[in-house]
Amino acid sequence: MNPMPKTYEIRQVQTDQEKRDALSVRRTVFIEEQQVPEELEIDEHDEAGTPTLHFVAYAGDIPVAAGRLRPYAPGVGKVERVAVLSGERGTGLGRLIMQEMEEAARQNGYRKLKLNAQCHARRFYEKLGYAPIGDVFEEAGIPHISMEKPLS
């Protein structure tokens, strides 16, 4: 008998607890797993009072994924810090949180999204309609590629 597929609840962060939960997922994935220095991972776009939108996904009461969306240029949003805990990868959760952020981007008037993908995640973003722009570069010692997607 196949186990029931997991259900996730994805929220746009509204409370301090949801923000702490989102940051805890990012800490696990980026700082602990990938050894990104904390001062690079947590930045000015995480401060209260900025226009950055944060997202967190829960499996039951457990935060398991996060991401953020911020203004980049007129009509352009930037997707950043998309993180899924290792035990939840391959479940479709990354796609779900991206869809939620894209919908929020549309609601906020963005016509295009930009992101800097870690090169190992490039295919994931290509499947979601993002196209690579420019050359590979390093950020926090990890190869990245800039990608963009027009929003309809």
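Before going into details, it helps to say that this report is about the structure given with it.

1. Quick notes on the environment of Phe-55
Along the chain, the position of Phe-55 falls in strand S2 (residues 53-59). Owing to a relative accessible area of 1%, Phe-55 belongs among the buried residues under this scheme. C-alpha of Phe-55 to C-alpha of Ser-24: the two residues are 31 residues apart in sequence and 12 Å apart in space.

2. Re the pairing of strand S5 (residues 112-118)
Summarising burial for S5: 5 of the 7 residues are buried, a large majority. Relative to S5, strand S4 (residues 76-84) runs parallel, the two being bridged by 4 bridges. Of the residues in S5, the one forming a bridge with Val-76 is Lys-112. Considered for its hand, the β-α-β crossover made up of S4, helix H3 (residues 93-107) and S5 is right-handed. Bridge count for S5 against strand S7 (residues 142-150) is 7 bridges, and the pairing is antiparallel. Within the sheet, the bridge partner assigned to Gln-118 lies in S7 and is His-144.

3. Re the environment of Arg-11
Note on placement: Arg-11 falls in strand S1 (residues 9-12). Assessed through its relative accessible area of 27%, Arg-11 is described here as partly exposed. Ignoring anything within four residues of it in the chain, the contact list for Arg-11 reads Glu-18, His-54, Phe-55, Val-56 and Tyr-58. Polar side-chain contacts of Arg-11 include one of 3.0 Å to the side chain of Glu-9. A distance of 3.1 Å separates polar atoms of two side chains, one belonging to Arg-11 and the other to Glu-18.

4. Comments concerning the nonpolar core
Formed by 29 residues in total, the largest nonpolar core has its most connected members in Leu-69, Val-79, Leu-93, Met-98, Leu-115, Tyr-125 and Tyr-130. Once residues lying within four places of it in the same chain are set aside, the contact partners of Tyr-125 are Val-82, Met-98, Leu-115, Ala-117, Tyr-130 and Met-147.

5. Concerning helix H1 (residues 16-33)
In this model H1 runs 24 Å from its N-terminal to its C-terminal C-alpha over 18 residues, within 8% of the 26 Å that 1.5 Å per residue would give. Helix geometry: H1 is bent most strongly at Arg-27, by close to 35°. Those residues of H1 not exposed but buried are Glu-18, Lys-19, Asp-21, Ala-22, Val-25, Arg-26, Val-29, Phe-30 and Ile-31. Its buried side turned inward, H1 meets S1, helix H2 (38-41), S2, strand S3 (62-73), S4 and S5.

Thresholds applied
- Counting from 1, residues in each chain are numbered in the order their sequence is written.
- Only residues with pLDDT of at least 70 are given local features in this predicted model, and only at 80 or more are side-chain atom pairs given and counted; all residues enter the totals for whole chains, interfaces and linings.
- With hydrogens and water stripped out, all remaining heavy atoms of the structure feed into the side-chain values.
- In this description a helix means any DSSP run of H or I spanning at least four residues, a strand means any run of E spanning at least two, and both kinds are numbered starting from the N terminus.
- Buried means the residue's accessible area, taken with a 1.4 Å probe over protein chains only, is under 20% of the maximum for its type, while exposed means over 50%, and partly exposed covers the values in between.
- One bridge is not enough; two strands pair if DSSP finds at least two bridges between them.
- With the strands pointing away from the viewer, any crossover whose connection runs clockwise from the first strand over the helix to the second is right-handed.
- In what follows, a contact means two residues having at least one pair of non-hydrogen atoms within 4.5 Å.
- The term polar contact refers here to a pair of N or O atoms within 3.5 Å; inside protein, the definition further demands a hydrogen-donor-capable atom paired with an acceptor-capable atom, and it admits residues adjacent in sequence only when both atoms are side-chain atoms.
- By nonpolar core is meant a set of buried Ala, Val, Leu, Ile, Met, Phe, Trp, Tyr and Cys residues that side-chain atoms within 4.5 Å join together.
- Expected span of a helix, by definition, is 1.5 Å for each gap between consecutive residues, and there is one gap fewer than residues.
- In this scheme, the bend at a residue equals the angle between the axes fitted to the seven residues that finish there and the seven that begin there.

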